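Structure at a glance
Below are the chains, spelled out letter by letter.
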Amino acid sequence: MSDVATPHSTAGMGQKFLSNRNMVLTAATLAVLVLMCGVFATLTDRFLTVSNFQNVMRNAAPVIIASCGMTTVMIARGLDLSVGSVLAASSVIAGSLAVAGVPLYLAFLLAVLFGAAVGAVNGVIIAGLAVSPIIVTLGMLNIARGAAYLISPSAILVGLPSGWSFLGTAKVLGLPMPIVIAGIVVAVFYVMTSYTTFGKRIYAIGGNEEAARLSGINIKRTLLWLYVMCGMTAALAGVVLSSRVGSGDPNIGVGFELQVIAAIIIGGPSLSGGEGRILGTVIGALIIGVLANGLNLAGVEPFWQFVAQGLVLIVAIIVDRLVQDGVLKMRKGA
């Protein structure tokens with residue numbers, strides 16, 4: 001037999017390379033996370049403690065929650081830059097309602113529904129009118145942040161009910177509530193993207209929107225639901241974060257959308273759509289959380305954390321580009 005690769009075998013190699021991309025990148029990001037933990041463990045003896053790991057997870061929980069919704073949007077070649085502002089607006093909405101005497105469960109629910117409404121508006125404009133998601137969500141970023149300041153124009157909301165901090169500080173079976181909530185959200189989105197017909201539609205749209213349309217997938221409706229879920233997870237992250245800090249704050253979440261996008265890109269999803277896994281996103285969020293925590297414990301100035309996060313994001317984008325170039329070369333060789 002000849003050892004020369006035929007066009008058919010070359011195409012198969014490219015397809016196999018593409019199908020294994022997420023698994024390889026997930027393993028690589030996990031290795032990076034473990035390596036980072038090892039480095040910080042040598043720099044400070046306070047890093048490898050149960051309390052510190054719980055602290056890392058609590059801090060990463062809002063990013064993980066919001067990243068789950070954003071991951072599905074990015075798999076479908078979308079983007080939502082408004083998640084940080086939605087987080088802040090949901091925080092002050094829930095706080096204002098609680099101060100006004102609305103039961104906490106209802107205040108939290110209405111805040112999450114606000115996020116769903118913002119996501120619906122984004123989805124209708126993006127999918128229905130075929131407008132760039134960057135432009136639409138950038139505008140919504142300003143609208144939602146403005147709404148947060150209009151609701152609480154002069155100060156952070158205080159005087160909240162005693163049960164306000166339950167979602168942020170309570171424990172379930174020894175685990176902090178933010179970690180439990182993040183775990184539930186991750187499980188729901190993992191099952192949805194991995195085992196449901198709706199999840200297959202997300203990947204189909206991101207891989208080839210025209211082919212997905214011809215196969216009978218309702219593109220507009222699917223995208224609408226993706227943006228609704230993205231808004232809901234951003235709002236839920238806002239509720240969890242504001243519950244933990246004990247106030248409704250219109251100033252929180254500035255730059256939050258960049259942390260979410262960084263976590264997703266570090267986790268492996270391709271910027272060109274059609275690929276990505278929830279578990280990779282979780283690892284990416286933990287890398288950002290461990291990086292910030294480790295630098296703090298090592299006594300590094302906070303401003304350097306922004307530099308470090310930026311460098312990690314740029315490296316992740318370069319890796320994504322190199323992988324995509326490798327796939328394209330294999331396809332052209334077919």
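Further up the page is the structure itself.
Overview of the structure.

About the cut-offs
Residues numbered from 1 in each chain as written. Predicted model: local features only at pLDDT ≥ 70, side-chain atom pairs only at ≥ 80, totals over all residues. Heavy atoms only, no water. Salt bridge = Lys/Arg side-chain N within 4 Å of Asp/Glu carboxyl O. Helix = DSSP H or I, 4+ residues; strand = E, 2+ residues; numbered from the N terminus. 1 Å grid on protein atoms, 1.4 Å probe; cavity = no way out; pocket = protein on both sides within 12 Å on 5 of 7 lines; lining within 4 Å. Points joined across faces, edges and corners; volume = space filled by probe spheres on them. Nonpolar A, V, L, I, M, F, W, Y, C, P; charged D, E, K, R; others polar. Phe/Tyr/Trp six-rings, centres within 6.5 Å; stacked < 30°, edge-to-face > 60°. Buried < 20%, exposed > 50% of the residue type's maximum accessible area, 1.4 Å probe, protein only.

1. Some words on the pattern of salt bridges
Overall, the coordinates contain 2 salt bridges when judged by the stated rule. Between arginine 213 and glutamate 209 there is a salt bridge whose closest N-O contact spans 3.2 Å. Of this pair, arginine 213 and glutamate 209 both sit in helix α9 (residues 209-214), 4 residues apart, which is roughly one turn of that helix. A single salt-bridge network, built from bridges that share partners, covers Glu209, Glu210 and Arg213.

2. With respect to the layout of surface pockets
Approximately 770 Å³ is the volume found for the largest pocket. In terms of lining, the largest pocket is formed by 29 residues, of which the most central are Gly255, Gln259, Ile288, Phe306 and Gln309. Going through the elements one at a time, α2 (50-75), α10 (219-245), α11 (256-267), α12 (278-297) and α13 (302-333) are the ones with two or more residues in the lining of the largest pocket. Looking at side-chain class alone, the lining of the largest pocket contains 17 nonpolar, 11 polar and 1 charged residues.

3. So, the packing of aromatic side chains
One pass over the full model with this rule turns up 4 aromatic pairs. Aromatic pair phenylalanine 40 and phenylalanine 47: ring centres 5.8 Å apart, planes at 40°, arrangement tilted. Classification of phenylalanine 40 by relative accessible area gives buried; the value is 6%. For the ring pair tyrosine 190 and tyrosine 195, a centre distance of 6.0 Å and an interplane angle of 75° mean the geometry is edge-to-face.

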